[in-house]
Amino acid sequence: MQPHLLPAVLWLAATAVLLAAGAVRQPSSNCQRKCGEVDIPYPFGIGPDDCAMPGFILRCDNTSGVPFVSFKPYVNHVDVLNISLLQGQARMLSAISSSCYNTTSKLMDYFDWSLNFTNTPYRFSSTENTFTVIGCQSLAYIRDYDNNGKYMSGCVAMCQKSDVTTFTNDSCSGIGCCQTAIPKGLQYYRVWFDENFNTTQIYNFSACTYAVLTDSSDFHFQMSYATSKDFNTSNNGRLPLSVDWAIGKETCEVAGKKLDSYACVSKNSECVDSSNGPGYICHCSVGYYGNPYLQDPAQGCIDIDECKDPNNYPCHGRCHNKEGGFDCFCPPGTRGNATIGPCSKVVAKQVQIAIGICTIVFFVLIILLGLQWVKHNQRIMRQNLISKKDAYFRQHGGQLLVDMMKIENNINFKLYCHEEIELATNNFDDKEIIGRGGQGTVYKGYDLDPDNNLVAIKKCKRIDENRMTEFGQELLILSRVTHKNIVKLLGCSLHFEAPVLVYEFVPNKTLHYLIHVHDEPSMRTLEIRLKIASESATALAYLHTHKHPIFHGDVKSANILLAHDLSAKVSDFGCSMIRSTEENLHGVKGTMGYLDPEYLLNFNLTDKSDVYSFGVVLLELITRRRALSKDKESLVSVFKDAVKEDKLVELLDPEIADHDNIEVICQVAELADQCLAMAGASRPKMSQVAEELRGLIRPVLHGTGEHHAGSPFTVQEWSSTNNAASEYTGDETSDYYSQKKKAAMSIEFAR
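Summarised in this report is the structure supplied together with it.

Rules behind the numbers
Residues numbered from 1 in each chain as written. Predicted model: local features only at pLDDT ≥ 70, side-chain atom pairs only at ≥ 80, totals over all residues. Heavy atoms only, no water. Helix = DSSP H or I, 4+ residues; strand = E, 2+ residues; numbered from the N terminus. Polar contact = N/O pair within 3.5 Å; in protein donor to acceptor, adjacent residues only side chain to side chain. Contact = heavy atoms within 4.5 Å. Buried < 20%, exposed > 50% of the residue type's maximum accessible area, 1.4 Å probe, protein only. Salt bridge = Lys/Arg side-chain N within 4 Å of Asp/Glu carboxyl O. Pairing = 2+ DSSP bridges.

Quick look at the side chain of Lys556 now. Take Lys556: it is sitting in the loop between α9 (526–544) and β33 (560–562). Looking at Lys556, its side chain comes within polar contact range of the side chain of Thr591, at 3.0 Å. Setting aside chain neighbours within four positions, we find Lys556 in contact with Thr591, Tyr594 and Val617.

This part takes up the environment of Cys159. Considering the arrangement of structural elements, one finds Cys159 in the loop between β14 (152–158) and β15 (177–180). For Cys159, a relative accessible area of 10% gives the class buried. Along the chain, Cys159 and Gly135 lie 24 residues apart, while their C-alpha atoms are 7.5 Å from each other. With near-sequence residues (within four places) excluded, Cys159 lies in contact with Gly135, Cys136, Phe167, Ile175 and Gly176.

Attention now moves to the pattern of salt bridges. Considering all chains together, one arrives at 20 salt bridges under this definition. Here Lys569 ties to Glu504 by a salt bridge, and the two come within 3.4 Å at their closest N and O atoms. Of this pair, Lys569 sits in strand β34 (residues 568–570) while Glu504 sits in strand β32 (residues 500–504); the two residues are 65 residues apart in sequence, bridging distant segments of the chain. Where Lys640 meets Asp673, a salt bridge forms, and the shortest distance between an N and an O atom there is 3.1 Å. Of the two residues, Lys640 is situated in helix α13 (residues 635–644) and Asp673 in helix α15 (residues 662–675); the sequence distance between them amounts to 33 residues. We note that Lys640, like Asp673, is buried. Within the structure, one salt-bridge network assembled from shared partners comprises Arg524, Arg529, Arg624, Asp653 and Glu655.

Burial along strand β10 (residues 113–116) is one-sided: the residues Trp113 and Leu115 are buried and none of Ser114 and Asn116 is. Relative to strand β16 (residues 188–193), β10 runs antiparallel, the two sharing four bridges. In the sheet register, Leu115 faces β16, and the bridge partner there is Tyr189.

Right, dumping it as structure tokens:
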């Protein structure tokens, strides 16, 4: 056998195998494919059985008796108007059922209609058809095969004589006309009328009612339909009905495996499951047209030449047909998308190059100008920032401070620039905040200390403009403050709107945290408390007796920091020296619960104001109560009342109020009471307070549970002694209660 004959032999062999296996039957070329004006495409057919698939044989009859004129295709006794392979649908004529009043017999004449497509490929379209009832007193029913209860529905059309004038064309809403849908898969229906609804009483204006299952696109309600016989006569008693059809009762997946019965035999065909009941239909693939049920390449799915149908397949350039589609491209010398719009001419290559170069140069110039503009603006911003920083520096007395630092060469104080402070605080990031107060915000700082130790950077609030020039001198005074129990001021920056102070970093939180938050009693024994109180008092006494006396103005447990060994470090006195006069006039400097009542009356801060606030701290130490409770009750008021009512023991902290410590605690309470005298002149100096506290530490250090010099010193005795001490302080008790109301009213303005 010659090699070039091998493919043909193989094709013949394959064909023989298919024929032997019983491939799907194909129609004869002699079959009738037209009946009257209706095309009859396969799988439908007229004549012998081999002209159609099972169930699709049609009858072509001339019912009028006029030769070659009125031939029409029929399914049983139903006219077929047309057949669509693409939609899998056929249109047929459905008879109109009627119920009319007979004026002669005085009875109703009924004409009922039924249509049976069971055991056929046909089923009534549920998407195209509606059951329609016309009339002024009609109830019509539609039901499935043999009244077996699977489907039944009805529709009521009612109207009165007065409604006749209100009818609207093309409106079927229940008045004179009613419509209802049908379910999927329906192959049989019967129509009949409810005899209880008749026109015997209204025949003079509406004698007939009608019902029909019809394609809703072919029905248009007219006003005369409900009051005359126009609906029946104008349509010759029949209306179009849409009927879906399908091959077999299997899905595409199942049917495709049965070559002897699979109907989609064209080379370029596809199978689609029926949307109205079982079975499937065949379509030509995209880019093809024809009959997908025929194997003959000349009659089956044929390639569409899109280039010959520009209306449906537009191409604005050159069109090239190909199997299943087409190519549309712009001709040489043009460019664009020819499928959506005309092609445009291409500019010559030399011109393109010239345009490209000009465009590049233009954009380079724009970029260079933009960069120059950005640099110019940055330069202006830098100059403005430098000018602003220099202005702040001059306003805050920076030059005077520099000159004074040159005179005092041994001063251990540093001036930091703007950039150093921003870098140390990460541009004052909120994450670096370690404290907020009435005088400013404290940030954790890095890389400012020569030994790389952490520092505390305090950003003060607004400075009094009238005292700006004095600030540098006052900072120099603060830099000379050197005491082991005072937080050291390391330097400052005057390049900000408000001064920024740099302090040593104290790591162990505050006395307030130790007293009120810490959960370990062993960390706040009476010895530790007295030691912290003594060191704090010593530090305050140092400030008061300084060459240039310094009044703290905000003494409280939160401003007493604790070092690693729990030694006290008094803090937050730097910004207090530069607080605005306006703030002092319109608000109170200090913290609620610690404020000196005398200061609240005259706004004159003295060293005795610090003594009063320290007295509140002493009360916190022996009671472990806050200076101001959640209910805004002052600890001082509670203490005074307890002393007056001999209930001091109930106020003391149980952690330290044992028999061995009671005498020392009572002496601390007596000292606190002296500090809390209403008249500032009656209070002791801070140096006296510090000395007395140092004396109280010794009995605790020696652990003596014995009392000095004779009889025990009880709380009752201390209360009596305290009352007697009013001769020393003046009429303190009455003075306290006379000013208590004013102090309470003013305290809410405190910071």
